[in-house]
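Fold and contact review
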Amino acid sequence: YSPFRNKTYYEPIGRQYTWSYQILMITYLKRLLFITFVNVIDHFIAGLVLNIFIVLPLTFLTYSLYVYRSNKNINSSEAFLVGLYIDLISETYFGLNALIFCLITYTINLYSNAFKLFSYLQICLFFGISATAYVGFIQLVENLYNFSYLVLLISGPINILFCTLIAFISLYFPKSLNKNF
C-alpha cells in the first residue's frame, strides 16, 4: 500500500483523538468564559436592581438556555462541574449552584421531547418559573432569616417577561441569536 496511489491519506488514530480532544477542550473553555462573562454582567445588574426587589438570574438562564439548545444531552457531571465553577467565581455556598444546575439539566433532558410540542409561550413560562424557583432557593439558603416574599413576587413576572422578550428577539433576529453555542 502506497500513500501516493490513494489521494485520501488518513492520519493515525492517536492524532485524530488528540485533535478531537483539543477541539472539545477549546469549546468547553469558550463556554466557561462566556458563562464567566455573563456572571460578571449578572453581578453588575444585581447591584443595580436589587433595591427595587428584582433578582434576574442571568447566569442560571444562560446555562439553562445552553442545555435547552444543545444537540446532545448534557451529562450530570458536566452540570455539576459548571455549577461548582459558578460557585467559585460568584462566592456563593460551595455546591449550591452545582445542585441546582444538576436539577435543571435533569429536568430539561427529561422533557426534551415534550418541549418540541410546547409553544414559545409555554417554554418561556417554564424558564421564567424555573428562574423564579432558582431565586427562591438561593434566597432561602443565603438569607434564611431575612427571606423576602416580595423579591419572589416581583422577580417572578419580571423573569417570565425577560424570557419572553429573549424568545421574541430570537424569533425576529434568527441569524444572530439562534446559533447553538
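Residues numbered from 1 in each chain as written. Predicted model: local features only at pLDDT ≥ 70, side-chain atom pairs only at ≥ 80, totals over all residues. Heavy atoms only, no water.

**Some remarks on the state of the cysteines**
What counts here: Note on terminology: disulfide denotes any pair of cysteine sulfur atoms within 2.5 Å. Throughout, exposure labels follow a simple rule: accessible area from a 1.4 Å probe, protein chains only, divided by the maximum for the residue type, with under 20% read as buried, over 50% as exposed, and the rest as partly exposed.
Throughout the structure, instances matching the rule amount to 0 disulfides. In this structure C124 is not part of a disulfide, and its nearest cysteine sulfur, from C163, lies 6.2 Å away. Of the residues examined, C124 reaches a relative accessible area of 6% and is grouped as buried. On the accessibility criterion, C163 (10% relative accessible area) is buried.

**Let's talk about the environment of F37**
Which entries qualify depends on this criterion: The way it works is that DSSP assigns letters per residue, a run of H or I at least four long becomes a helix, a run of E at least two long becomes a strand, and they are numbered from the N terminus.
Position of F37 among the secondary structure elements: in helix α1 (residues 13–49). Judged by relative accessible area, which is 51%, F37 ranks as exposed. The sequence separation of F37 and T59 amounts to 22 residues, and the corresponding C-alpha distance is 9.1 Å.

**Quick word on the nonpolar core**
Cut-off, in case you're wondering: Residues belong to one nonpolar core when they are buried, are Ala, Val, Leu, Ile, Met, Phe, Trp, Tyr or Cys, and are joined through side-chain atoms within 4.5 Å. Between two residues, a contact is recorded if the distance between any of their heavy atoms is within 4.5 Å.
F60, Y63, V67, V82, I100, F101 and I108 are the most contacted members of the largest nonpolar core, which totals 25 residues. Contributing elements (two or more residues each) for this core: α2 (58–69), α3 (76–90), α4 (96–110), α6 (120–142) and α7 (149–172). For F101, the residues in contact, after removing those within four places along its chain, are T59, F60, Y63, A79, V82, G83 and I86.

**A few points about the packing of aromatic side chains**
For the record, the criterion: Classification of ring pairs rests on two measures: the distance between centres of Phe, Tyr or Trp rings, Trp counted by its six-membered ring, which must be within 6.5 Å, and the angle between planes, read as stacked under 30 degrees, edge-to-face over 60 and tilted in between.
One pass over the structure, following the stated rule, counts 11 aromatic pairs. Pairing F60 with F101 gives two aromatic rings, centres 6.2 Å apart and planes at 40°, and the pair type is tilted. Here the residue F60 occupies a position in helix α2, and F101 occupies one in helix α4, the gap between them amounting to 41 residues. Relative accessible area serves as the criterion here: at 2%, F60 is assigned to the buried category.

**Regarding the side chain of T59**
Applied cut-off: Two N or O atoms form a polar contact when they lie within 3.5 Å of each other; inside protein one atom must be a possible hydrogen donor and the other a possible acceptor, and for residues adjacent in sequence the pair counts only when both atoms belong to side chains.
With respect to the helices and strands, T59 occurs in helix α2. A residue is classified by how much of its surface remains accessible, and T59, at 4% relative accessible area, is buried. At 3.2 Å, the side chain of T59 forms a polar contact with the side chain of D42. Discounting chain neighbours no more than four positions away, the residues touching T59 are I35, V38, N39, D42, I86 and F101.

**Things to note about α2**
Applied cut-off: Here the expected span of a helix is defined as 1.5 Å times the quantity of residues minus one.
With 12 residues, α2 should reach 16 Å at 1.5 Å per residue; the first-to-last C-alpha distance of 16 Å fits that figure. With 9 of 12 residues buried, α2 lies mostly within the body of the structure. Restricting attention to buried positions, one finds in α2 the residues L58, T59, F60, L61, T62, Y63, S64, Y66 and V67.

**Points about the confidence of the model for the protein**
Let me state the cut-off plainly: As a per-residue quantity, pLDDT reports the predictor's confidence and falls between 0 and 100.
Per-residue confidence for the protein averages 85 on the pLDDT scale, and 85% of its residues sit at or above 70. The secondary-structure element of the protein with the lowest mean pLDDT is helix α8 (residues 174–177), recorded at 55, while α4 shows the highest, at 94.

**Side note on unusual backbone geometry**
A negative phi angle characterises most non-glycine residues, just as the trans form characterises most peptide bonds. The phi dihedral of F53 is positive, around 60°, even though this residue is not glycine. Position of F53 among the secondary structure elements: in the loop between α1 and α2. For F53, a relative accessible area of 38% puts it in the partly exposed group. With phi around 60°, E91 is a residue other than glycine that occupies positive phi space. With respect to the helices and strands, E91 occurs in the loop between α3 and α4.

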